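Analysis of the macromolecular model
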Amino acid sequence: MSGLLRIRWTIAPRIAPRPLINCNRCGGVRPYRCSDKFRVNANGKRIDAWLVYRCVDCDNSWNRSIFERCNRRDIEPALLAALESNDPALARRHAFDLVALRNQTGRVEEFADVAVRKELVDGRPECATALWLELRLDAATSLRLDRLLAGELGISRSRLQAWDERRMLAVEPDGDKALRRPARDGTAIRIAPSGEADRDAIASAACR
Ligand SMILES: [Zn+2]
């Protein structure tokens, strides 16, 4: 019987990245937080859509372009309806699109807060000799993989490092360099804590 425990962690970043903008009301650079609201402007057949951000200090607004001067014919009715109703999933998708935000504003403040949901896919925690953790992320996070693992498994990062050196830990597809980089969707981590006295505690922490 296999002692492999397969677990899926679904990771949802909590705080969207904040562009650093020269706030004309505050008179200096301030982070702007996403309001999760869109602004849609229809001028004849032309439509503009923005995601509205607000200065964390003075509430001044900044409109981040989603599209500009688009012909109404070229916009899916479902997309327009989602923009006009401030659809939360659409707002989240844009708010967490770090690459697009960086291209539009330059400097961006990132956050490492995440919510982690753990699901046991296969195996039994009480007889686990190895763990196979699959990561699912719905948006980018700046949280490093080693911090995520250490925090969720209840162990120190130096112990994680020692496991790595003793080849008790493997990261796919990017190898162990990925430990010091932000956690990414599709990463899988194999851990074999079979000789560790607290392996049951580690296995159960991995599952809940
Ligand atoms: Zn301000």
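Structure shown above.
Only a predicted model underlies this, so the values are computations on that prediction, with no experimental measurement involved.

Quick word on unusual backbone geometry
That bond from Glu 172 to Pro 173 is cis: its omega, 0°, falls within 30 degrees of zero. With respect to the element layout, Pro 173 can be found in the loop between strand 9 (169-172) and strand 10 (188-191). Although it is not a glycine, Arg 69 sits at a positive phi angle of roughly 50°. Note on placement: Arg 69 falls in strand 5 (residues 61-71).

Some words on the coordination of the zinc ion
All of the protein donors around the zinc ion are Cys 23 (SG), Cys 26 (SG), Cys 55 (SG) and Cys 58 (SG); their distances to the metal are 2.3 to 2.4 Å. For the zinc ion, the four donor atoms in the first shell make angles of 101 to 119° at the metal, so the coordination geometry reads as tetrahedral. Sequence positions of the donors to the zinc ion reduce to the motif C-x2-C-x28-C-x2-C.

Focus on the sheet that holds strand 3 (residues 28-43)
With respect to topology, five strands assemble into an open sheet ordered 5-4-3-2-6, the strand pairing being antiparallel. Two strands in the sheet have a free side with no partner beyond their single neighbour: strand 5 and strand 6 (108-109). Both strand 2 (residues 18-23) and strand 3 contribute to a ladder of four bridges, which runs antiparallel. Within the sheet, the bridge partner assigned to Ile 21 lies in strand 3 and is Arg 30. The sheet strands contacting helix 1 (residues 77-84) are strand 3, strand 4 (46-55) and strand 5, and the helix crosses strand 3 at an angle near 130°.

Calculation rules
Residues numbered from 1 in each chain as written. Predicted model: local features only at pLDDT ≥ 70, side-chain atom pairs only at ≥ 80, totals over all residues. Heavy atoms only, no water. Helix = DSSP H or I, 4+ residues; strand = E, 2+ residues; numbered from the N terminus. Donors = N, O, S within 2.8 Å, 3.2 Å for Na, K, Ca; no water. Tetrahedral: all angles 85-135°; square planar, octahedral: opposite > 155°, others 65-115°. Pairing = 2+ DSSP bridges. Contact = heavy atoms within 4.5 Å. Axes fitted to C-alpha atoms, helices over the stretch in contact; angles between N-to-C directions.

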